[in-house]
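Residue-level listing of the chains:
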Amino acid sequence: MKKYLLITMAALAIASCSEKKFHVEGSISNAKDSLLLFEHVGIEDVSTLDSIRLDADGTFSFSGDAHEAPEFYRLRIAGQIINVSIDSTETVTIKGSYPQMATNYEVSGSENCQKIKELSLKQIDLYQRAVAVSENEDMTVEATNDSILSMIKQYKETVKNDYIYAAPNKAYAYFALFQTLGDMLLFNPRTDRDDIKAFAAVATSWDSYYPNSIRGTNLHNIALEGMKNIRLNDAAQQQTIDADKVQTAGIIDITLPDNKGKLRKLSDLKGKVVLLDFHVFAADQSPARILQLRELYNKYHAQGLEIYQVSIDPDEHFWKQQTAALPWISVRDSEGLQSASLALYNVQGLPDFFLIDRGNNIVGRAANIKDLEQRIKSLL
């Protein structure tokens, strides 16, 4: 019996030593007594795997079981985050400095992690430039929107060409697809044809390199759903408003509950000049945009201007708080990004707006109105 027990223990020890592990190690300076969290970034949530209270030298070491396909993790102290991808049994070394460790760090041992660092820095730069534009009080609403949309378009083209299509099987290509500006995904896999192609390219590559992986399957489903939405939009093309061709067209009516629970119809505003605004209050640029809309409303409401603002924020309580003091019509579509109104009005990015004359006819949208205030004055 004793001999059998010894053999069993020896076998367990050998099995334990042969388990495939990955390691994330290094140091974070200037962070004595800070709690460093090692978190797993899942498809639906983020969970803490381990943590350490840093000493004066800031050294740390985390490890975990290797997976067959790349997985994503992050090091976090408060709001400072370093994103990490792990492919098999590699050892990734990170040396950073707090409190700017999100931007002030070096990484070695992983090409994917190096590329993710590049993407993170580019994303932070985009965010800072967008904030600077949104806070520029000398710019009109349309000029602000045009500038930010131009930044986003240029950013996406660079990321697609240099990171996604260059190596769609890599973890950093997957990471790039889910970058955000505030709370908004930069790549829209629901209705943007070009963005859906990017998701499909990575999904196809992951199907080949990592068959049956959870992340690969998820990408595949997202791409298929996007293609389905495109087909539905094409089928409804007779009702769809093209940004480049719209001159004068009767509105597609919208009926949604406002922030007091009352149903508000867009068509009931016939006789007024209406700014139909699709908006996300959770977006970082929202406060600046609301201030610009307030200026227009205060200036021209007495002359017949009304704002019908459609929110697609997922949190109804948050939306009601944000709109409680707004003087115009604030409604919310609980379908969010799946909103039929977004599809019928061919809204490709948020925020977006349409201008409607007193006869309930659409006479322009953000993409082809260069000076919104002048256009409003001409309709009043």
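Source: prediction; values computed, not measured. (Residues numbered from 1 in each chain as written. Predicted model: local features only at pLDDT ≥ 70, side-chain atom pairs only at ≥ 80, totals over all residues. Heavy atoms only, no water.)

Trainee: What exactly am I supposed to notice about unusual backbone geometry here?
Mentor: A negative phi holds for most residues other than glycine; trans holds for most peptide bonds. In this chain, Tyr98 is followed by Pro99 through a cis amide linkage whose omega measures 15°. Structurally, Pro99 can be placed in the loop between strand S7 (91-97) and strand S8 (105-108). For the peptide bond that leads from Leu350 to Pro351, omega is 0°, which places it in the cis range. Along the polypeptide, Pro351 turns up in the loop between helix H9 (340-344) and strand S17 (352-356). A positive phi is found at Ser88, a non-glycine position, where the angle reads about 75°. Residue position: Ser88 is located in the loop between strand S6 (80-86) and S7. Relative accessible area serves as the criterion here: at 30%, Ser88 is assigned to the partly exposed category. (Helix = DSSP H or I, 4+ residues; strand = E, 2+ residues; numbered from the N terminus. Buried < 20%, exposed > 50% of the residue type's maximum accessible area, 1.4 Å probe, protein only.)

Trainee: Would you mind showing me how to read the packing of helix H3 (residues 141-164) against helix H7 (residues 286-300) here?
Mentor: Any two packed helices are characterised by the angle at which their axes cross and by the distance between the axes. Across the interface, H3 lies against H7 with an axial gap of 10 Å and an inter-helix angle of 155°. Relative to H7, the element H3 is oriented roughly antiparallel. Residues Val141, Thr144 and Asn145 of H3 form the contact with H7, whose own contacting residues are Arg289, Gln292 and Leu296. For the contact of H3 with H7, the residue count by class is two nonpolar, three polar and one charged. (Axes fitted to C-alpha atoms, helices over the stretch in contact; angles between N-to-C directions. Parallel < 35°, antiparallel > 145°, perpendicular 65-115°, else oblique. Contact = heavy atoms within 4.5 Å. Nonpolar A, V, L, I, M, F, W, Y, C, P; charged D, E, K, R; others polar.)

Trainee: Whenever I open this one, the environment of Thr180 confuses me. Can you help?
Mentor: Along the chain, the position of Thr180 falls in strand S9 (residues 180-181). With relative accessibility at 26%, the residue Thr180 sits in the partly exposed group. Residue contacts for Thr180: discarding those within four places in its chain leaves Gln123, Leu185 and Leu186. A polar contact is formed between the side chain of Thr180 and the backbone oxygen of Gly182, at a distance of 3.3 Å. (Polar contact = N/O pair within 3.5 Å; in protein donor to acceptor, adjacent residues only side chain to side chain.)

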